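Read off the chains here:
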Amino acid sequence: MAYTDYEPVIGLEIHVQLLTKTKIFCSCSTEFAGGDNENTCPVCIGLPGALPVLNANAVELGVKTGLALNCKINPLSVFARKNYFYPDLPKGYQISQYEEPVCGKGFIDIYIGETKKRIGITRAHLEEDAGKSSHAGDYTLVNLNRSSVPLLEIVSEPDIRSAEEAAAYARAVHSILLYTEVCDGNLEEGSMRCDCNVSVRKKGAEKFGTKVELKNINSFRFIEKAVIYEIERQIDCLETGEKIIQETRLYDADKNRTYSMRTKEEAHDYRYFPDPDLLQLHVTDAQVAKIKSTLPELPMARAERFQSEYKLPSYDAFVLTQSRTLAEYYEGVVKVCQNPKSASNWVMVELLRELNEAKLEVTESKVEPAHLGGLVQLIDKGTISGKIAKEVFAEMFKTGKTPEAIVKEKGLVQISDEGSLRTAIAEVIKQNPGQVEQYKSGKDKLFGFFVGQAMKVTKGQGNPELINKILKEELSK
Ligand SMILES: [Zn+2]
């Protein structure tokens, strides 16, 4: 099959739940409620005559996200009614923005390996969430706690050309959402929902192929797998002369395949029209400037600064800046030890490994950044060897003690006293006359054996450089 003859064209629509205290058109709480339909009122359950009032904080968070995505903020936007029937939408329409969204064109940059790529943003608009239906046997329960929770829908340009890019783009958006603190970013709980529009075309063709929408994929890994599956399915269709149907498909993670949910013939015509109950939304330049001033340094800018300021390789800079808390942790380590590359290795390798194993977030780590910085300093000063440092780090991770305290408690200070190292090495040479003879007759590889023995005698605490030096002297006698 000639997969390489085809080019996938992918665009993502990401729904983001904005972290406001109250809903977008009423004052009901957005907090998780224990009871079904507990956080509801006449507005969000759609009783006739109840009037929506726009939540200013939802607008602020929407604009903030738009600015972080380099979007043009439209001074005037309009709320529209998107009409359709579903039991969890009691009004019979969803309030959304259609032709005039609050955020216009923008872009973000993503990394694919070492290569930077720009993905265009078409628009980002505010809308309300629907309620939730739970289907059980032959009946359905409706819970309207989620009804009218504010959403921002971020629509990308069809600039994405592979499953890997699709996942990288979704990760980059996720990272921006967490940096700007507009969303909790929880994919599994649906705070961030990704739909992928996938089509394929012969390489060199200008016209797009028929697109298929993959709905509600709840992890980055699944985005990649679902898109790979869909690209191959579509190419198989074209190669066997089958027509691709414009449809919505769902991804089944257990079977790793997509299946049809509805075709275009069943799709709705939403009959959008401006909502007469809501005023046009005006956002002034002064408001935009004020919101802009609250933006933190964003992940891509931070990754670039890490490369220039700390001379880190792009891979390190990218990994360390994926989450704001990790980036801040790293900078806390560097501040103390002044050794950026070593700090990067300790954070990326040892700390992240321990955290992953313990299923902890960086904010839950018992090892304070300053303490990890202190550990790097102990190595750099020659107080402990790198090998002993790993032992100390494991203890720090378990207990939260300072490296100095652990080194003192366990007597792990490196032996850099030449006299005692000479005594230890003399003992090693005396114990292994056979190996000494072989070494002297040209078996150079045995040097490592002597180093190992000397380390063993000094319980791993011998200064490796000094051991090397003394061994060379003694063995050449
Ligand atoms: Zn309400």
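(A) Seen up close, the environment of Gly460. Checked against the element boundaries, Gly460 lands in the loop between α14 (447–457) and α15 (464–475). Owing to 16 C-beta atoms within 10 Å, Gly460 belongs among the partly exposed residues under this scheme. Through-space distance from the C-alpha of Gly460 to that of Ile388 is 7.0 Å; in sequence the pair is 72 residues apart. Not counting residues within four places of it along the chain, the set of residues in contact with Gly460 comprises Lys387, Ile388 and Met455.

(B) Here's a closer look at the sheet that holds strand β4 (residues 93–97). Spatially, the 3 strands line up as an open sheet ordered β4-β3-β14, and their pairing is antiparallel. For this open sheet the edge positions go to β4 and β14 (273–274), each flanked by a neighbour on one side alone.

(C) Summary view of the packing of helix α12 (residues 418–431) against α15. Relative orientation of the contacting elements α12 and α15 amounts to 50°, with a least axis distance of 10 Å. Put simply, α12 runs oblique to α15. The handedness of the crossing between α12 and α15 comes out as right-handed. Note on element contacts: α15 touches α12 through Leu466, Ile467, Ile470, Leu471 and Glu474, opposite Glu418, Leu421, Arg422, Ile425 and Ile429. Looking at the contact of α12 with α15 residue by residue, the class counts come to 7 nonpolar, no polar and 3 charged.

(D) Broad picture of the domain arrangement of the protein. Under the domain assignment, the protein is made up of domain 1 (3–292), domain 2 (299–410) and domain 3 (418–475). Between the C-alpha centres of domain 2 and domain 3 the distance comes to 33 Å. Counting residues at the interface gives 4 residues for domain 2, matched by 4 residues for domain 3. For the side of domain 2 that touches domain 3, the per-class residue count stands at 1 nonpolar, 2 polar and 1 charged.

(E) Structural context of the packing of helix α2 (residues 163–180) against helix α3 (residues 220–239). As a packed pair, α2 and α3 sit with axes 8 Å apart at the nearest point and diverge in direction by 150°. If you check the angle between α2 and α3, you find them roughly antiparallel. The two elements α2 and α3 cross, and the hand of that crossing is right-handed. Residues Ala163, Glu164, Ala166, Ala167, Ala170 and Arg171 of α2 touch α3, and the partners they reach there are Phe220, Ile223, Glu224, Val227, Ile228 and Ile231. The class makeup of the residues in the contact of α2 with α3 is 9 nonpolar, no polar and 3 charged.

Scoring rules and cut-offs
Residues numbered from 1 in each chain as written. Predicted model: local features only at pLDDT ≥ 70, side-chain atom pairs only at ≥ 80, totals over all residues. Helix = DSSP H or I, 4+ residues; strand = E, 2+ residues; numbered from the N terminus. Buried ≥ 20, exposed ≤ 12 C-beta atoms within 10 Å, placed from the backbone. Contact = placed C-beta atoms within 7 Å. Pairing = 2+ DSSP bridges. Axes fitted to C-alpha atoms, helices over the stretch in contact; angles between N-to-C directions. Parallel < 35°, antiparallel > 145°, perpendicular 65-115°, else oblique. Left-handed = near helix turned anticlockwise from the far one by under 90°. Nonpolar A, V, L, I, M, F, W, Y, C, P; charged D, E, K, R; others polar. Domains from an automatic or database assignment.

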